[in-house]
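Breakdown of the fold
For reference, the chains in residue letters:
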Amino acid sequence: MQNDQVFPELAVLRKTFEQGITRDFSWRRSQLLALEAFLVEREEDIADAVHDDFRKSPAETFLTETGYLRGEIRFALKHLKSWMKPHRVSIPLIYQPGKGSYSREPYGVVLIIGAWNYPLNLSLAPLISAIAAGNCAVVKPSELAPHTSKLIAEGLGRYVDRRAICVIEGGVEKTKALLEERFDYLFFTGSQSTGREVMHAAARHLTPLTLELGGKCPCIVDEDTDLRVAARRIVWAKFLNAGQTCIAPDYLLVHEKVEGELFGQMREAISDFYGSDPRMSPDYPRIVNRHHFHRLEKLLAASSSWSGGITDEDDYYVAPTILQGVTPGDEVMLLEIFGPLLPVIAYSDIDAALVTIRSVSQPLALYLFSSDPKLQDKVVRHSCSGGVCINDLLFQASVSRLPFGGIGSSGFGSYHGKAGFDTFSFQRSVLKRSIFPDPDLRYPPYGRRKLRFLKRIVTLFH
Ligand code: NAD
């Protein structure tokens, strides 16, 4: 049952959707442009808010939040008309005269629940898809990035149509209360344990949903690769956002012949990027809160050998750290690390490395550095993950033409570009028939002669 007194905004949104306002191409276009204006005009405020949340640099915020979102909006604006076009299909002879088509219809009022680690991106990228598909939307940003959450709540409403889009701030209890309501679609980004609760809540109203979850993303480094480039790319991807990235390489599987050299190259890359004391670098973010800081300290304490490893509780600082001599059974290999600790496991046989990957979980991403096309094919064929990137990291999530999402324990459903438009819409078929002719054949009484004839024609003309 709807409880509009708890969230009166929902009644407004539902009425807007029922009036058909959000279905028009011109409305969708105007809202995407409004979102773009928010990102452009408030760019500095956004950079400040994200910095206040966990000391992310303005360059990183542009690269992973505002810049990325603006690219997604441009992509949607360019393709929206063609995405919205109905698809005509040919009609079999026995159903003629008739015309058939299907088109993608918006679900209605959708709920988007964001995670804190890319606090703008993970709330607004799904919103771009939801608007493009013609929905009304409630956005619930993460309370763990409070400055960004406040900016989205206060700022966005000045740009977009508030009859159709609203932001509701709050923590776990508020999100639980929202999940009591009936929405037409749920889009959740966050942890596996919360994902289970969201799915449970969705089941109550039979609401379709997407879960964008986390996991342990492996990165294989074969002996046949340029180790300096591999090291620089791995260090960049792992320590971006201080390792608090769902598609960051969680652990490395390195061919034993190149383990020592890769380790040296990675240390050099850390020093090149963040200086001899990364704490002083303006480009190195902090851990989001005390809980996550202590979780990472415990993982570090359980490890035997590392490079880096300096922490400072006053500042929630954890240095870029490489953990050596790790085995698949170690504590650090049990759960997603989600921080700047990088375990390295040496392998001598790629088949054994693939067994390790399959035994850990179904990850959101899988990475491989190798110049050998046969090995590239083998790794892709004998593994399972939401996405793959070969000889680089993270960029598989930046290409709007590539669907982004997980598999199994890393979630289901996908978005970005057309995949996002499809996620927030469903296919509705329409068959238009003529009232004439109206042969007697399909009506009872059937009798043996009619049945014989039906058997001949029904399967023949599909
Ligand atoms: P989280 O699950 O703690 O929180 C996510 C959202 O759910 C927040 O808005 C929060 O308010 C809400 N929430 C928290 N507990 C809830 C509960 N019991 N009931 C209802 N709502 C609840 O996740 P997080 O710590 O914000 O994010 C980190 C996780 O998200 C990591 O596992 C990471 O891998 C994953 N992640 C995945 C992606 C992706 O695209 N697949 C992107 C970023 C982060």
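Quick caveat: nothing in here was measured; it's all calculated off a predicted structure. Along every chain, residues carry numbers that run from 1 in the direction the sequence is written. Note on the predicted model: pLDDT of at least 70 is required for a residue's local features to be given, and 80 or more for side-chain atom pairs to be given and counted; whole-chain, interface and lining totals, by contrast, use all residues. The side-chain values count all of the structure's non-hydrogen atoms but skip hydrogen atoms and water molecules.

1. Regarding the site of the ligand
By nearness alone, 27 residues border the ligand, and Glu 143, Ser 191, Thr 194, Leu 213 and Glu 336 come closest of all. Side-chain atoms alone can form a polar contact between residues adjacent in sequence; in general such a contact is a pair of N or O atoms within 3.5 Å, and within protein one must be able to donate a hydrogen while the other accepts it. In the model, an oxygen atom of the ligand is placed 2.8 Å from a nitrogen or oxygen of the Gly 114 main chain. Within the side chain of Ser 191, one N or O atom sits 2.7 Å away from an oxygen atom of the ligand. Relative to its unbound accessible area of 840 Å², the ligand is 92% covered by the protein chains. Nearness is judged by heavy atoms alone; a residue qualifies as near a molecule or strand once a single heavy atom is within 4 Å of it. Exposure was quantified through the Shrake-Rupley algorithm and a 1.4 Å probe, taking into account, for residues, occlusion by the shown protein chains and nothing else.

2. A short note on a positive patch on the surface
Together, Arg 448, Arg 449, Arg 452 and Arg 456 make up a positively charged patch on the protein surface. In this description a helix means any DSSP run of H or I spanning at least four residues, a strand means any run of E spanning at least two, and both kinds are numbered starting from the N terminus. In this fold, Arg 448 is placed in helix H15 (residues 447–458). Each patch is built from salt-bridge-free residues with over 30% relative accessible area, joining like charges within 9 Å and nonpolar side chains (Val, Leu, Ile, Met, Phe, Trp, Tyr) within 5 Å. Should a side-chain nitrogen of Lys or Arg be within 4 Å of a carboxyl oxygen of Asp or Glu, the pair is scored as a salt bridge. Under the counting rule used here, the positive set is Lys and Arg, the negative set is Asp and Glu, and His together with the chain ends is not counted. To locate a charge, take atom NZ for lysine, CZ for arginine, CG for aspartate or CD for glutamate.

3. Quick look at the sheet that holds strand S1 (residues 87–89)
Here the rule is simple: two strands pair whenever DSSP picks up at least two bridges between them. With respect to topology, three strands assemble into an open sheet ordered S1-S2-S20, the strand pairing being antiparallel. Sheet topology places S1 and strand S20 (425–433) at the edges, where each strand pairs with a single neighbour. Neighbouring strand axes in the sheet, compared pairwise and without regard to direction, differ in orientation by 25° on average. Where S1 and strand S2 (residues 98–106) come together, three bridges link them in antiparallel fashion. Within S2, the position partnered with Val 89 by the bridge is Gly 100. Fitted lines through C-alpha atoms serve as axes, helices being fitted only where they are in contact, and the angles separating the N-to-C directions of these axes extend from 0 to 180 degrees.

4. Quick word on helix H9 (residues 227–239)
Along its 13 residues, H9 runs 18 Å from first to last C-alpha, staying within 8% of the 18 Å computed at 1.5 Å per residue. The set of residues buried in H9 consists of Leu 227, Ala 230, Ala 231, Ile 234, Val 235, Ala 237, Lys 238 and Phe 239. In this analysis, two residues are considered to be in contact whenever any of their non-hydrogen atoms come within 4.5 Å of each other. Contact partners of the buried residues in H9: strand S8 (218–221), strand S9 (251–255), helix H10 (259–274), strand S13 (321–324), strand S14 (341–347) and strand S15 (365–369). The opening residue of H9, the one whose side-chain oxygen lies 3.0 Å from the backbone nitrogen of Arg 228, is Asp 226. By definition here, a helix of n residues has an expected span of 1.5 Å times n minus one. When accessible area is computed with a 1.4 Å probe and restricted to protein chains, residues below 20% of their type maximum are described as buried, those above 50% as exposed, and intermediate ones as partly exposed.

5. Here we look at empty space enclosed by the protein
Here a cavity means grid points, on a 1 Å grid over the protein atoms only, where a 1.4 Å probe fits yet cannot get out; a pocket means an open set of points with protein on both sides within 12 Å along at least five of seven lines; lining residues are those with an atom within 4 Å of a point. Grid points are joined across faces, edges and corners, and a volume is the space filled by probe spheres set on the points. On inspection of all chains with the given rule, the structure shows five cavities of 30 Å³ or more. Lining the largest cavity we find Gly 215, Cys 217, Lys 238, Gly 243, Thr 245, Cys 246, Ala 248, Pro 249, Asp 250, Glu 336, Ile 337 and Phe 338. Classes in brief: Ala, Val, Leu, Ile, Met, Phe, Trp, Tyr, Cys and Pro nonpolar; Asp, Glu, Lys and Arg charged; the others, Gly included, polar. Residues of the lining of the largest cavity, tallied by class, amount to six nonpolar, three polar and three charged.

6. A few points about the pattern of salt bridges
Enumeration over the complete set of coordinates arrives at 23 salt bridges. Notably, a salt bridge pairs Lys 140 with Glu 143, separated by 3.2 Å at the nearest N-O pair. Residue Asp 312 pairs with Arg 279 through a salt bridge whose shortest N-O separation is 3.3 Å. Here Arg 279 lies in the loop between H10 and helix H11 (290–301) and Asp 312 lies in strand S11 (residues 311–312), a separation of 33 residues in the sequence. When salt bridges with common partners are traced through the structure, they connect Arg 14, Arg 182 and Asp 184 into a single cluster.

7. Some points on the domain arrangement of the protein chain
The domain limits used here are those given by an automatic or database domain assignment. For the protein chain, the domain assignment lists domain 1 (8–213 + 413–426) and domain 2 (218–405). Averaged C-alpha coordinates put domain 1 and domain 2 at centres separated by 30 Å. With 24 residues of domain 1 at the interface, the matching set in domain 2 holds 25 residues. Summed over both partners, the accessible area (1.4 Å probe) lost when two parts come together is defined as the buried area. Interface of domain 1 and domain 2: buried area, both sides summed, is about 2,000 Å²; carbon and sulfur atoms make up 54% of it. The tally of links between domain 1 and domain 2 comes to one salt bridge. Its salt-bridge partner being Arg 55, residue Asp 315 comes within 3.2 Å of it at the nearest N-O pair. For the pair domain 1 and domain 2, the interface holds nine residue pairs in polar contact (both at pLDDT 80 or more). Looking at the side of domain 1 that touches domain 2, the elements that each hand over two or more residues are helix H4 (58–84), strand S19 (414–415) and helix H14 (417–423).

8. Looking at the packing of helix H2 (residues 25–41) against H4
Close contact between H2 and H4 brings their axes to 10 Å; oriented N to C, the two are set at 170°. As the angle between them shows, H2 and H4 are arranged roughly antiparallel. Facing H2, whose interface residues are Phe 25, Arg 28, Arg 29, Leu 32, Leu 33, Leu 35, Glu 36, Leu 39 and Val 40, H4 presents Thr 66, Leu 69, Arg 70, Ile 73, Arg 74, Ala 76, Leu 77, Leu 80, Lys 81 and Met 84. Of the residues in the contact of H2 with H4, the class split is 12 nonpolar, one polar and six charged. Here the angle decides the label: under 35 degrees means roughly parallel, over 145 means roughly antiparallel, 65 to 115 means roughly perpendicular, and every other value means oblique.

9. Here's the deal with the pairing of S15
Of all five residues that make up S15, five are buried, and the element is covered over most of its length. Of the two faces of S15, the one lined by Ala 365, Tyr 367 and Phe 369 and the one lined by Leu 366 and Leu 368 are each fully buried. Alignment of S8 against S15, held across three bridges, turns out to be parallel. Across the sheet, Ile 220 pairs through a bridge with Leu 368, a residue of S15. Direction of pairing for S15 relative to strand S16 (residues 387–390): parallel, over a ladder of four bridges. Bridge assignment links Ala 365 to a residue of S16, and that residue is Gly 387. Think of it like this: strands point away, you trace from the first strand over the helix to the second, and a clockwise trace means the crossover is right-handed. At this point the chain moves from S15, through helix H13 (residues 373–381), to the parallel S16, and the crossover so formed is right-handed.

10. As for the packing of aromatic side chains
Here a Phe, Tyr or Trp ring, Trp counted by its six-membered ring, pairs with any other such ring whose centre lies within 6.5 Å, and the pair is stacked when the planes are under 30 degrees apart, edge-to-face when over 60, and tilted otherwise. Tallying each qualifying case throughout the model produces 16 aromatic pairs. When the ring of Tyr 107 is compared with that of Tyr 185, the centres are 4.7 Å apart and the planes differ by 35°; the resulting orientation is tilted. One end of the pair, Tyr 107, is in the loop between S2 and strand S3 (109–113); the other, Tyr 185, is in strand S6 (residues 185–189), with 78 residues separating them in the sequence. Classification of Tyr 185 as buried rests on a relative accessible area of 6%.

11. Re the packing of H4 against helix H5 (residues 121–132)
H5 packs onto H4 with a crossing angle of 10° between their chain directions and a minimal axis gap of 10 Å. If you check the angle between H4 and H5, you find them roughly parallel. Contacts between H4 and H5 involve Thr 64, Glu 65, Tyr 68, Leu 69, Glu 72, Ile 73, Ala 76 and Leu 80 from the former and Asn 121, Leu 124, Ala 125, Ile 128 and Ala 132 from the latter. The residue inventory of the contact of H4 with H5, partitioned by class, reads nine nonpolar, two polar and two charged.

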